[in-house]
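# Structure at a glance
Here's the letter readout for the chains.
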Amino acid sequence: MAEGTPSAENVIAVSFAADANAYQALTALKELDTQQRVHIRGAGVVVRGEDGRVEVKDEVTDQSLSSTARGGIFGLLIGILAGPLGVLIGGTTGVLIGSLFDVQDADETQSVLAEIAGSVRAGHTALLADVVEQSPEVVDSAMTSLGGSVLRRPVEDVEAEIAAAENAARAAAREAHKELRAARHERNRAEIRAKLDELKAKLRPHRGEAQK
């Protein structure tokens with residue numbers, strides 16, 4: 001891309017009427033990168049199975065990025081969508097999931113991750129990408145020609161929700177551990193009480209004989 005030209009860092013999710021077009025779209029995106037009309041930091045064709053999980057079928061990454069194996073925010077996004085949380089948010093209609101995100105303004109209750117996950121429909125392929133672009137029209141034109149519908153969200157918004165999701169997952173894990181430990185403690189106490197009751201029952205006949 002031309003130096004000095006303003007650019008934006010965005011995550012795009014593109015859904016297609018014809019699944020095969022997602023692979024053509026990835027090729028078209030790579031061509032735009034070669035032409036320096038966009039810069040791909042990570043992109044891939046993904047498919048959501050009927051079980052809700054997302055799998056990467058084909059991908060391209062910026063080899064200069066080393067923050068994850070797949071590179072940058074793309075790898076983190078795939079990690080979220082391919083995991084249990086992705087299954088959960090993939091079935092939503094875009095509203096926030098419980099208290100996963102702390103949003104004060106009621107007008108800002110739309111979850112970016114849920115929107116992106118919703119673009120990857122069960123049983124269908126889609127294109128996900130982390131790109132730097134000078135103008136959205138470049139990518140939009142290429143995707144539209146292939147029957148694609150583009151969802152675009154700023155990288156910083158996606159990063160914020162991924163961080164929130166990670167924190168929420170850790171908090172949930174801690175709470176689950178506490179509940180399991182409490183349940184185990186209660187079970188042990190119940191077992192102890194049962195054993196004591198059993199011993200007391202055995203002692204009662206002996207006490208009766210001693211009194212005689």
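The preceding data block contains the structure.
All figures in this text were calculated on a predicted structure; none of them were measured in a lab.

### What about the overall build of the chain?
In terms of regular secondary structure, the chain is built from six helices and five strands. Ordering the α and β elements of the chain from the N terminus gives β-α-β-β-α-α-α-β-α-β-α. Put simply, the chain has 212 residues, and 36% of those count as buried.

### Let's talk about the nonpolar core
Counting 23 residues, the largest nonpolar core has Val 46, Leu 77, Ile 116, Leu 128 and Val 158 as its most contacted members. Elements with a contribution of two residues or more to this core: strand 1 (8–16), strand 3 (54–61), helix 2 (72–82), helix 4 (112–119), strand 4 (125–133) and helix 6 (155–211). Sorting elements by how many residues they give to this core places helix 2 first, with six residues. Leave out the neighbours within four places in its chain, and Leu 128 touches Ile 12, Ala 13, Gly 42, Ala 43, Gly 44, Val 46, Phe 74, Leu 77, Ile 78, Leu 81, Ile 116 and Val 120. Core analysis: the second largest hydrophobic core is formed by 21 residues, Ala 22, Ile 40, Val 45 and Leu 127 among them.

### Looking at the sheet that holds strand 5 (residues 148–154)
Read across the sheet, five strands follow the order 3-2-4-1-5 without closing on themselves; strand pairing throughout is antiparallel. Looking at the sheet topology across the chains shown, the edges are occupied by strand 3 and strand 5. Sheet twist, expressed as the average angle between the axes of neighbouring strands with direction ignored, equals 20°. In the sheet, strand 1 pairs with strand 5 via seven bridges, with the strands oriented antiparallel. When the bridges of strand 5 are listed, Ile 12 appears paired with Arg 152. Sheet strands touched by helix 1 (residues 21–34): strand 1, strand 2 (38–48), strand 3 and strand 4. Its angle to strand 2, the strand with the most contacts, is close to 170°.

### Considering the pattern of salt bridges
Under the definition given, this model contains eight salt bridges. Here Glu 115 and Arg 153 are joined by a salt bridge, their closest N and O atoms 2.8 Å apart. Here Glu 115, found in helix 4, pairs with Arg 153, found in strand 5; they are 38 residues apart in sequence, far enough to count as distant. Assessed through its relative accessible area of 23%, Arg 153 is described here as partly exposed. With a shortest N-O distance of 2.8 Å, Arg 152 and Asp 140 are connected by a salt bridge.

Thresholds applied
Numbering of residues starts from 1 in every chain and runs along the sequence as written. The predicted origin of the model limits local features to residues at a pLDDT of at least 70 and limits the giving and counting of side-chain atom pairs to 80 or more, whereas totals for whole chains, interfaces and linings rest on all residues. The basis for the side-chain values is all heavy atoms of the structure; hydrogens and waters are excluded. Secondary structure elements follow DSSP: runs of H or I no shorter than four residues count as helices, runs of E no shorter than two count as strands, and numbering proceeds from the N terminus. A 1.4 Å probe rolled over the protein chains alone gives each residue an accessible area, and that area as a share of the maximum for its type sets the label: buried under 20%, exposed over 50%, partly exposed in between. Residues belong to a common nonpolar core when they are buried Ala, Val, Leu, Ile, Met, Phe, Trp, Tyr or Cys residues joined through side-chain atoms within 4.5 Å. Whether two residues are in contact is decided by their heavy atoms: any pair within 4.5 Å suffices. We call two strands paired when DSSP finds no fewer than two bridges between them. Convention adopted: a line fitted to C-alpha atoms gives each axis, helices being fitted over their contacting stretch, and angles between N-to-C directions are expressed from 0 to 180 degrees. By definition, a salt bridge exists where a carboxyl oxygen of Asp or Glu is found within 4 Å of a side-chain nitrogen of Lys or Arg.

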